[in-house]
Amino acid sequence: MNSEGQQETLIKGADVILTMDDQRQEFDSADILMRDGEIVALGQGLSTDGEIVHAQGCVVTPGLVNTHHHLFQTLTRAVPAAQDALLFGWLKTLYPIWARFGPEEIYVSTQIGLAELALSGCSMTSDHLYLFPNGARLDDSIAAAAETGMRFHPTRGSMSIGESKGGLPPDSLVEDEKAILEDSIRVVDRFHDASESSLLRVGIAPCSPFSVSRGLMQDAARLARDKGVMLHTHLAENDEDIAYSLENFGCRPGQYAEELGWTGEDVWHAHCVKLDGQEIDLFAQTRTGVAHCPCSNCRLGSGIAPVRAMRDAGVSIGLGVDGSASNDSSNLMEEARQAMLLQRVQNGADAMSAREALEIATRGGAEVLGRPECGQIAVGKRADIAIWDVSDIDTSGSWDPAALVLSGPRKVRTLFVEGVEIVRDFHMSAINLPLIVEKQNKLVGALQETL
């Protein structure tokens, strides 16, 4: 505490601080002072009467930001029948398993996924929960997230067109559209916090153009803008997605999104692997965001998203680990490395640097989620900060320890969210992770017995 009774923490003597600020400054042998969730000073020789966290032998970055996830899928990693399937077949295999979930499955899977993210240096994440079987509600994932201390952007997803109406999901997993809109109003009114320091903001997120009606997409957009919250969905994920759009809507996904009111700085779309030049220009002009999910896109054989072209055109891009049924893990630093490597495969070794990949994983994601106060280390910004130990074997021999994406740890030593230490010495601070893993494995065993 300082003399005014405010909570202070000083990060002392970091080898390198990668700020991701407007000038992309980097500081050697420097300190960061946090007070009541805000960064109040940055430089050398800082002092405090509060807690001191020593960071010698460490690189410090903003907390990473995850812009697309389905946390419930941590209960369905590596399902044998889905391991080698394309998107639509993958979904049809997993829908019947997910239909057996309930409130406990949503709660436990959320905690597991968030812990994985936090241990990979992620301080803020969105989540796309679009199915609510057996009494499950968005409230279950929100309650789970509150225990971890992460900055959480859950979205109230939905599916309304089942198999009997030509959709992909089974009828048991779809909802009445009036009920979807009513519950969307309920969760936004109850949970959404628009303040700058908010740990919880709620979005509205119909699952995809092939699982809801045109009317619901339009109604969701009107509702979100009336409530001042963001919109999210999947778009242009693979060739099947493009073919479905052309056959059913008579246009490409980007044009369909524009017709429905689904472009603008309050909208971000997941994947966008198959956007063409006109769609990229549309997203740049309208400031529509993209959640790039390279590991999932590889796993499902969807392709390589045109990230270089989108970045060059001015499209806002963040990273997403996507669900663990299509990624198999939730490590955002691994996602940043994969993003960099894929752009180099597609466009050459100079297509993306390690620091640009890290920028997309931090500042880029914060901008996509409408949080300019996060994603960078600068005075006045929120104190979401990751400390990476670069003294161990994975960084040994590196001439540039700050090039974390190239050669560096994949697990964070210390993670602050709003100035609170939620990862300490490589372990979650607020939750009993081994106990939750045990619960998760029991739930998975029960699901396997029902097949």
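What you see is a predicted model; the values in this text were computed from it and never measured.

Turning our attention to the overall build of the chain. Secondary structure assignment for the chain yields 13 helices and 17 strands. Taking the principal axes of its C-alpha atoms as reference, the chain extends roughly 65 × 45 × 45 Å. Every one of the 451 residues in the chain was classed for burial, and the buried ones make up 61%. Within the chain, contacts between residues separated by at least 24 positions form 75% of all contacts whose residues are at least 6 apart in sequence. By element, 49% of the accessible surface of the chain is carried by carbon and sulfur atoms, the whole surface being about 16,400 Å². The chain carries 37 positive and 64 negative side-chain charges, and their two centres are separated by 1 Å.

Let us look at helix α3 (residues 138-148). Of all 11 residues in α3, eight are buried; the element is thus mostly enclosed. Leu138, Asp139, Asp140, Ser141, Ile142, Ala144, Ala145 and Thr148 are the residues of α3 that are buried. Residues of α3 that are buried sit in contact with α2 (103-119), β7 (122-129), β8 (151-158), α4 (177-191), β16 (420-424) and β17 (427-428). Looking one or two residues past α3, Gly149 carries a phi angle of roughly 90°, positive in sign.

For the rest of this paragraph, the subject is the pattern of salt bridges. Inspection of the entire model under this criterion finds 36 salt bridges. Where Lys227 meets Asp189, a salt bridge forms, and the shortest distance between an N and an O atom there is 2.7 Å. A residue pair is termed long-range when its members are at least 10 positions apart, and Lys227 in helix α5 (residues 214-227) and Asp189 in helix α4 qualify at 38 residues. The salt bridge involving Arg299 is made with Asp328; its shortest N-O contact spans 2.8 Å. Of the two residues, Arg299 is situated in helix α9 (residues 294-299) and Asp328 in the loop between β13 (317-319) and α11 (332-347); the sequence distance between them amounts to 29 residues. Through salt bridges with shared partners, a single network forms among Arg137, Asp139, Arg156, Glu175, Asp183, Arg186 and Arg190.

This part covers the pairing of β16. If a strand is regular, its side chains alternate between the two faces of the sheet. With three bridges connecting them, strand β15 (residues 414-417) and β16 associate as antiparallel partners. Across the sheet, residue Leu415 finds its bridge partner in β16, namely Val423. Following β15, the chain reverses through two residues before pairing antiparallel with β16; Glu418 in that reversal takes a positive phi of roughly 55°. Bridge analysis of β16 against β17 gives two bridges, and the strand direction is antiparallel. Note on β17: the bridge partner recorded for Arg424 is His427.

Now for helix α12 (residues 354-368). Because the α-helix completes a turn every 3.6 residues, residues three or four places apart line up on one side. The end-to-end C-alpha separation of α12 is 20 Å, in line with the 21 Å expected for 15 residues at 1.5 Å each. The axis of α12 is deflected most strongly, by about 40°, at Ile360. Burial runs high along α12: 13 of the 15 residues are buried. Among the residues trailing α12, Gly370 stands out with phi positive, at a value near 70°.

Another point: the packing of aromatic side chains. In total, this model carries nine aromatic pairs according to the counting rule given. Consider the rings of Phe72 and Trp98, whose centres lie 5.0 Å apart with planes at 90°: the pair is edge-to-face. Highlighted residues: Phe72 in the loop between β6 (64-66) and α1 (87-98) and Trp98 in helix α1, separated in sequence by 26 residues. As far as burial versus exposure is concerned, Phe72 and Trp98 are alike and both buried. Considering the side-chain rings of Phe72 and Phe101, the 6.3 Å spacing of their centres and the 80° angle between planes classify their relative orientation as edge-to-face. Of this pair, Phe72 sits in the loop between β6 and α1 while Phe101 sits in the loop between α1 and α2, placing them 29 residues apart in sequence.

The residue Leu246 is located in helix α6 (residues 239-249) in this model. Measuring from C-alpha to C-alpha, the distance between Leu246 and Glu182 comes to 31 Å, with 64 residues separating the pair along the chain. If we ignore the near neighbours within four places in the chain, the residues touching Leu246 are Cys251 and Arg252.

Under the counting rule described, the total for this entry stands at zero disulfides. Of all cysteine sulfurs, the one in Cys122 lies closest to Cys58, which takes part in no disulfide; the gap is 19 Å.

The element β7 is extensively covered by neighbouring structure, given that eight of its eight residues are classed as buried. As judged from the three bridges shared by β6 and β7, these two strands associate in the parallel manner. Bridge assignment links Val65 to a residue of β7, and that residue is Met124. Relative to β8, β7 is paired through six bridges, and the arrangement is parallel.

Each value, and the rule that gives it
- Residues numbered from 1 in each chain as written.
- Predicted model: local features only at pLDDT ≥ 70, side-chain atom pairs only at ≥ 80, totals over all residues.
- Heavy atoms only, no water.
- Helix = DSSP H or I, 4+ residues; strand = E, 2+ residues; numbered from the N terminus.
- Buried < 20%, exposed > 50% of the residue type's maximum accessible area, 1.4 Å probe, protein only.
- Contact = heavy atoms within 4.5 Å.
- Areas by Shrake-Rupley, 256 points an atom, 1.4 Å probe, with all protein chains shown as cover.
- Lys, Arg positive; Asp, Glu negative; His and termini not counted.
- Charge placed at Lys NZ, Arg CZ, Asp CG, Glu CD.
- Salt bridge = Lys/Arg side-chain N within 4 Å of Asp/Glu carboxyl O.
- Pairing = 2+ DSSP bridges.
- Expected span 1.5 Å × (residues − 1).
- Bend = angle between axes of the 7 residues up to and from the residue.
- Phe/Tyr/Trp six-rings, centres within 6.5 Å; stacked < 30°, edge-to-face > 60°.
- Disulfide = S-S within 2.5 Å.

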